[in-house]
Amino acid sequence: MTSQPVLVSGVKPTGDLHIGNYFGAMRQFVDLVASGKYRPFIFVADYHALNTMQDAEEMRRRTRELVMAYLAIGLDPEKVVFFKQSDVPAHTELAWIFDTITTMPYLMRAHAYKDAEAKNKEISVGTFNYPLLMAADILLYDASIVPVGADQKQHVEYTRDTAEKFNRVFNTDLFKLPEAHIMPDVAVVPGTDGQKMSKSHGNVIPLFCTRDELAKAVMSIVTDSSGERPKNVYAIHKLVRSEQELEQIYTEHQGNYKLLKELLIEDLDRYLAPIRAKYESLKEDPTIVERVLEAGKREARAVSETKMEQVRKAIGVA
Ligand code: ADP
Ligand code: TRP
């Protein structure tokens, strides 16, 4: 077990999940964990989310929903150490130590910081330091791989630089340099208006909704009037049914958008039903989420505390 390479990743509990998130990212993530090649540590990055979500009720609700969503889509809590970042004090403790060896100009080069600057946004210290908390998240567990979306690549580079700097400053080899595992991009899932499906565009098909809500969203998908295949409907349809079957159906019912949308509702509903059922059953027993997070907390604390003892020695406070 201990010889297995470690996988670490964090997910922020922000936003309602939609099928773009599922097909574009969550599914590949779960597959990677299920491959059995790694010892996985996956956590809810609630302290990262605190930069943008400052409402206690919302934090609690979204954290629960995120855990339930990952369990519902097949993340196995027997195989994964699944915990909340805030439950493991070593993360913020190590982030502080990294603060002390990192210069401001270096952090100012981060894309996220530069984007916010360019938009003249007021940036919190927490947002500025975001990459260092993330470095702590990863380095505490001696991660070999960090599966993330392409937008997070730079953060993993910051993590590697921070590990090297610490090792150099304190003349040690305590921190292992992790590699980003950039999840292959599944084609962008279009939203009901044909743009990329995104919570910020208000064009989503929710991952967890009733059949009526699903039907309403699908019926609102824009179709062009060229008489050819309705491309947005088709692009979503092919996520849940083979293209070979779809060729036939879309040729046979060419131009009959209403019927093609009804078929899509059927197919999506069937595909999502088991995930939804699992989610509903998790809602009925609130203790499951608590138990999973409690077990994860214990394990993550044990592993990270051992690392912190070495860190404290290396810097001379112990
Ligand atoms: P949103 O755009 O709704 O805010 P996020 O930025 O939170 O979604 O994305 C979370 C993950 O889901 C990312 O890895 C992203 O690549 C993936 N994702 C989001 N929307 C889509 C989409 N329409 N198609 C494919 N993947 C998506
Ligand atoms: N920054 C990541 C995101 O926005 C979330 C995250 C926090 C993370 N800590 C991490 C991802 C550690 C991987 C490893 O998606």
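Residues numbered from 1 in each chain as written. Chains lettered and ligands numbered in written order. Predicted model: local features only at pLDDT ≥ 70, side-chain atom pairs only at ≥ 80, totals over all residues. Heavy atoms only, no water.

### Quick word on the site of ligand 1
Here comes step 1: Taken together, His18, Gly20, Asn21, Gly24, Ala25, Val188, Val189, Lys196, Met197, Ser198 and Lys199 make up the full set of residues adjacent to ligand 1.
Here comes step 2: Gly20 places a main-chain nitrogen or oxygen 3.3 Å from a nitrogen atom of ligand 1.
Here comes step 3: Lys196 places a polar side-chain atom, nitrogen or oxygen, 3.4 Å from a nitrogen atom of ligand 1.
Here comes step 4: When ligand 1 sits alone it has 550 Å² of accessible area, and the protein chains cover 70% of it.
Here comes step 5: Of the residues belonging to the shell around ligand 1, the class tally is four nonpolar, five polar and two charged. (Near = heavy atom within 4 Å. Polar contact = N/O pair within 3.5 Å; in protein donor to acceptor, adjacent residues only side chain to side chain. Areas by Shrake-Rupley, 256 points an atom, 1.4 Å probe, with all protein chains shown as cover. Nonpolar A, V, L, I, M, F, W, Y, C, P; charged D, E, K, R; others polar.)

### Things to note about the site of ligand 2
Here comes step 1: The full set close to ligand 2 counts 13 residues, and Lys12, His48, Tyr130, Asp137 and Gln152 are the nearest of them.
Here comes step 2: One nitrogen or oxygen atom from the side chain of Tyr130 is found 2.7 Å from a nitrogen atom belonging to ligand 2.
Here comes step 3: In the model, a nitrogen atom of ligand 2 is placed 2.8 Å from a nitrogen or oxygen of the Gln152 side chain.
Here comes step 4: Look at ligand 2: alone it shows 370 Å² of surface, and the protein chains cover 89% of it.
Here comes step 5: For the shell around ligand 2, the secondary structure elements donating two or more residues are strand E1 (6–11), helix H8 (130–139) and strand E4 (145–148).
Here comes step 6: The biggest single contributor to the shell around ligand 2 is H8, with four residues.
Here comes step 7: Taken together, the residues that form the shell around ligand 2 break down as seven nonpolar, four polar and two charged. (Helix = DSSP H or I, 4+ residues; strand = E, 2+ residues; numbered from the N terminus.)

### Some words on the pattern of salt bridges
Here comes step 1: All chains considered together, the criterion is met by 22 salt bridges.
Here comes step 2: Arg160 is the partner of Glu179 in a salt bridge, and the nearest nitrogen-oxygen pair spans 3.6 Å. With Glu179 in strand E5 (residues 179–182) and Arg160 in helix H9 (residues 153–169), this pair connects stretches of sequence that are 19 residues apart.
Here comes step 3: Owing to a relative accessible area of 26%, Arg160 belongs among the partly exposed residues under this scheme.
Here comes step 4: Of the charged contacts in the structure, one is a salt bridge between Glu280 and Lys283, with a shortest N-O distance of 3.2 Å. (Salt bridge = Lys/Arg side-chain N within 4 Å of Asp/Glu carboxyl O. Buried < 20%, exposed > 50% of the residue type's maximum accessible area, 1.4 Å probe, protein only.)

### Some details on the domain arrangement of the protein chain
Here comes step 1: Annotation of the protein chain at the domain level lists domain 1 (6–187 + 286–315) and domain 2 (199–281).
Here comes step 2: Domain 1 and domain 2 are separated by 33 Å when their C-alpha centres are compared.
Here comes step 3: Across the boundary between the two partners, domain 1 contributes 15 residues, which contact 15 residues of domain 2.
Here comes step 4: Surface buried jointly by domain 1 and domain 2 totals about 1,400 Å² across both partners, of which 73% is contributed by carbon and sulfur atoms.
Here comes step 5: The interface formed by domain 1 and domain 2 includes zero salt bridges.
Here comes step 6: Listing elements by their share of the side of domain 1 that touches domain 2, those giving two or more residues are helix H1 (19–34) and helix H3 (56–72).
Here comes step 7: The residue makeup of the side of domain 1 that touches domain 2, split by class, is ten nonpolar, three polar and two charged. (Domains from an automatic or database assignment. Contact = heavy atoms within 4.5 Å. Buried area = accessible area lost by both parts, 1.4 Å probe.)

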